[in-house]
Amino acid sequence: MSARRSLLKVVAGLGLTLPLSRLAVTRALAQPDSKAARPQPGDKLIRAVAGAPGSALTPATVPAGGPPVIAYPMDATTGAVRDGSRLNQVLLVHLEPRDLAEETRARAAAGIVAYSAVCTHTGCDQWDWDARAKTIKCPCHFSTFDVKDAARVLDGPAPRRLPALPLNVSGGVLVVAGGFVGRPGFQQGGA
Amino acid sequence: MTSLRSILVTCTLVTLVALSPAVLPAQSPTSYSAVTEGRLLNPEPHNWLMYRGNYAGWGYSPLEQITPQNVAKLTPVWTLSTGVNEGHQAPPIVNNGVMFVTTPQAQVLALNARTGDILWRYKRELPEDLLQLHPTNRGVGLWDNKVYVGTVDAHLVALDAATGKVVWDKVVDDWKKGYYITLAPLVVKGKVMVGTSGGELGVRAFIAAFDAGTGQELWRTHTVPGPGEPGHDTWSGDAWKTGGVSVWITGHYDPALNLTFWGTGNAAPWPGDMHPGDNLYSSSVIALDVETGKIRGHHQYHWNDSWDWDEVSTPILLDVQRGGRTIKGLVHPGRNGYLWLLERRADGIGFVDAKPFVKQEVFTAIDPKTGRPSYDPEHKPTGGKTVTFCPGLWGGKDWPPAAYNPKTGLVYIPANDNHCSTLVGQTQSYEPGKLYLGIDRPKTTLSLRAGATSIGELQAWNMNSGQKSWTHQFRWQYWGPVLTTGGGLVFSGGTNDRKFRAFDATTGKVLWEFTTNSGVTGVPSSFALDGKQYIAVQSGWGVDAQRMQARIDTHLGTKTDVPQGGVIWVFALGN
């Protein structure tokens, strides 16, 4: 807040008109906010690897038949990687389109499906891949999800499916086509 | 609040009538029974003021109204839904009619212990992107007019005991690096002590003390020594920086030595070849000076842990007769499957004796002088190799606390036998806040010993003779913390059939059982009001009881549905 206040003071001091100052503030604040903001339509995807940003993922960089790739969205305009929240991690799996449920196939691009990579049970974000069943299991408490069918819960304590993320292919790279279908992360309980 | 005011008004009225009948009572929160050093050193039999009821960690209530003869009449008095799923492990802590219970997500409930009416509720808003590997909380600590809770996002919070308002809230460490707190704070002489978890995420854990009044941090002692500290040379390279050694469970306190004792977790990651050396103070008990936090003594149960055998529980402090003398004992049923008898002294911790209480295939010998075990390398997980060991990674006894009854002279151990684990070590790079296990996770399996007809066992041991007195076997795994009472009973849940049971403390016979809402992994406690004894416990299955169930189901091809959702149960004798 203090940075924002300083900025507002500077803007006011420059005597800018209100619409212009509002625009300036919006642009100045876009950078930090955009890193924590959830995936946005048009975002590209890059591997979530510490210290190695890499380039935008293409369908060919997600191995066919698995295992999954964990990625972060990247603002296509600014290049800002949205790694400001664990909840922005995206799990990508490359499957045969014919093996996908209809709803899932509609959200997939080139057979690649995308989901929130954060378990809806208690927020774990690593996954064990079952290549035969084409399912993912959370190693923390063993919830299992069917990535072929909207990541519905097959087993374990997770209360709900992983939110899906619609994809497109544009310019040869994977692009986010819409926001998460559902809220990523765990649900805090309590009456 | 209305109910709390009623209690406070009643308490105040009673006091004022006795002392000064002319003065009108004020609805002052100061009429809450302040918790003092004297009260914690000698808790009143009708109260349960800390995690295990006393500083020695006995899990013993002197109350004797409920007995083997009448326990069949035990019946629920009230229940309360906590509104939360996952592992409900905290004891109901009771101070003169006010009960404090914590739930997963570090919720604290203050209740009228007689009626179950809610006096106040502290609901912590957790970070939305928090990771909860162990979604549980093991209870509050009490001091003066405050209630202390450690949180799963690694804060220590002081609440006003009368109102539930936050008095202070201190960051203990950064949850984004994998630190969290599961234990109930230990409060000694105005110092609130907590230990940190996160060994599976590669933290470097520690125990820290905070001023009970202000929240100021007074000292911090890492369980993995840094450069220049004694024990640092038991680590190689930079492994100490991510060495784990969590502190999962509340310490115990010996006022004569002014030492607190703490059990410590395994070294990270799991396979020992990924952190060569003995790795002090992993899988140990350490003695910390209350004033300075300095480590005054230690005993490492097993060196270079490779089995995920955290020695989570703190040993029970009790006198043991051996060889014609009284030993100031530390008794620890280990996750490594051995029952350890150590001696606490001003100059450190001495080894006395150790023997297996479940079938253990890893140790080939125990040095009779030092207690240092030798290992069968075929059963020690290492990188690139498939290794099976028994007992499996949940060990002979995990976190559920054992209990000691001074009347029967028996130590009651919630054990698991006949289970084995298979691990495949796999080198992995460390990333802050990520799982750091060093294994090929999908290849991890649990197996059961061929022909075994039971897994769980409630065992009673006489530490003077070193002999087992009785055993009650359960078909499946057993995750039941143990309470024992002056009335000659042992209470425990922990099975997947949702039962809460009473056993004859002398014979082990099941005398009463009750089917609750969920699996009972809560620590039971006992208290009294107006001359009536109550037994209290939380039922709410989750965390490792659930994980082990999932592994067993995978092994057997079965599917066992143990419902979740927390409920506090309070029982008393019916008519």
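Look a little higher up for the structure.
A short tour of the structure in this document, coming up. Worth saying up front: this structure is predicted, and the values here are computed from it rather than measured. The residue numbers shown here count from 1 along each chain, following its written sequence. Throughout, the order in which chains and ligands are written sets their labels, letters from A for the former and numbers from 1 for the latter. Thresholds applied to this predicted model are a pLDDT of at least 70 for local features of residues and 80 or more for the giving and counting of side-chain atom pairs; totals over whole chains, interfaces and linings are not thresholded and use all residues.

Another aspect to go through is the overall build of chain B. Scanning chain B from terminus to terminus reveals three helices and 40 strands. Relative to the compact-globule value of 25 Å for 575 residues, chain B shows a C-alpha radius of gyration of 22 Å, a close match. Along the first, second and third principal axes, the C-alpha atoms of chain B reach 80 × 55 × 50 Å. Counting over 575 residues, chain B shows a buried share of 58%. Segments assigned H or I by DSSP are reported as helices when at least four residues long, segments assigned E as strands when at least two residues long, and all are numbered from the N terminus. Radius of gyration here uses only the C-alpha atoms, and the compact-globule reference equals 2.2 Å multiplied by the residue count raised to the power 0.38. Residues are called buried when their C-beta atom has 20 or more other C-beta atoms within 10 Å, exposed when it has 12 or fewer, and partly exposed otherwise; all C-beta atoms are positioned from the backbone.

For chain A, the helix and strand inventory stands at three helices and ten strands. In chain A, the order of α-helices and β-strands from amino to carboxyl end is α-α-β-β-β-α-β-β-β-β-β-β-β. Counting over 191 residues, chain A shows a buried share of 38%. Whether two residues are in contact depends on their C-beta atoms, placed from the backbone: they are in contact if these lie within 7 Å. In chain A, the proportion of contacts linking residues at least 24 apart, taken out of those at least 6 apart, comes to 54%.

Once that is clear, we can look at the interface of chain B and chain A. On the chain A side, the residues contacting the 24 residues of chain B number 21 residues. Counting residues per element, the side of chain B that touches chain A draws most heavily on helix α3 (residues 543-556) of chain B, which supplies three residues. For the side of chain B that touches chain A, the residue count by class is nine nonpolar, eight polar and seven charged. As a working rule, the residues Ala, Val, Leu, Ile, Met, Phe, Trp, Tyr, Cys and Pro are called nonpolar, Asp, Glu, Lys and Arg charged, and the rest polar, with Gly in that last group.

Residue and element names in this part refer to chain B. With mixed pairing, five strands are arranged side by side in an open sheet as β1-β34-β35-β36-β37. Whereas interior strands pair on both sides, the edge strands pair on one side only; in this sheet they are β1 (60-61) and β37 (510-515). Two strands qualify as a pair provided DSSP detects at least 2 bridges between them. Bridge count between strand β34 (residues 483-485) and strand β35 (residues 489-492): two bridges; the pairing is antiparallel. The residue bridging Leu-483 from the neighbouring strand is Phe-491, located in β35.

Our next topic: the nonpolar core. As used throughout, a nonpolar core is a set of buried Ala, Val, Leu, Ile, Met, Phe, Trp, Tyr and Cys residues joined through C-beta atoms within 7 Å of each other. Judged by nonpolar contacts, the single largest core of 196 residues is most densely connected at Ala-114 and Tyr-115 of chain A together with Val-192, Val-411 and Tyr-412 of chain B. Excluding residues that lie within four positions of it along the chain, Val-192 of chain B makes contacts with Gly-141, Trp-143, Tyr-148, Leu-156, Pro-185, Val-187, Ala-209, Phe-210 and Ala-212 of chain B. Listed in part, the 15 residues of the second largest apolar core include Trp-309, Cys-390, Trp-394 and Trp-479 of chain B.

So, about the sheet that holds strand β16 (residues 217-222) of chain B. All names here are of chain B. Here we have four strands laid out as an open sheet, ordered β13-β14-β15-β16, and antiparallel in their pairing. Only two strands of the sheet have a single neighbouring strand rather than two, namely β13 (186-188) and β16. Here the average twist between neighbouring strands, direction ignored, is 20°. The pairing of strand β14 (residues 191-195) with strand β15 (residues 206-211) spans five bridges and is classified as antiparallel. Residue pairing across strands places Lys-191 opposite Asp-211, the latter belonging to β15. Under this scheme, a helix contributes an axis fitted over its contacting stretch, all axes are lines through C-alpha atoms, and angles between N-to-C directions fall in the 0 to 180 degree range.

The topology assignment puts Arg-105 of chain A in helix α3 (residues 102-107). If we ignore the near neighbours within four places in the chain, the residues touching Arg-105 of chain A are Pro-97 and Leu-100 of chain A.

So, about the pairing of strand β40 (residues 567-573) of chain B. Residues and elements named next belong to chain B. In terms of strand pairing, strand β2 (residues 74-81) meets β40 through seven bridges, oriented antiparallel. Bridge pairing links Ser-81 to Val-567 in β40. Judged from the five bridges that link them, strand β39 (residues 532-539) and β40 form a sheet pairing that is antiparallel. Directly across from Val-537, in β40, lies its bridge partner Trp-569.

Residues and elements named next belong to chain B. Between its terminal C-alpha atoms α3 stretches 20 Å, which fits the 20 Å expected from 14 residues at 1.5 Å a residue. Buried residues in α3 make contact with β3 (87-88), β8 (136-137) and β31 (445-448). Positive phi shows up at Gly-557, right after α3, with a value of about 75°. Helices are assigned an expected span. That span is 1.5 Å times one less than the residue count.

Residues and elements named next belong to chain B. Of all five residues that make up strand β38 (residues 525-529), four are buried, and the element is covered over most of its length. Of the pairings in the sheet, the one linking β38 to β39 comprises five bridges and is antiparallel in character. The residue bridging Phe-527 from the neighbouring strand is Tyr-534, located in β39.

Attention now goes to unusual backbone geometry. Note the cis peptide between Gly-66 of chain A and Pro-67 of chain A, where omega equals 0°. By secondary structure assignment, the location of Pro-67 of chain A is in the loop between β1 (44-47) and β2 (69-74). Looking along the chain, the bond that leaves Cys-390 of chain B and enters Pro-391 of chain B is cis, with omega of -5°. Take Pro-391 of chain B: it is sitting in the loop between β27 (386-389) and β28 (403-405). At Val-245 of chain B, a residue that is not glycine, the phi angle is positive and equals roughly 60°.

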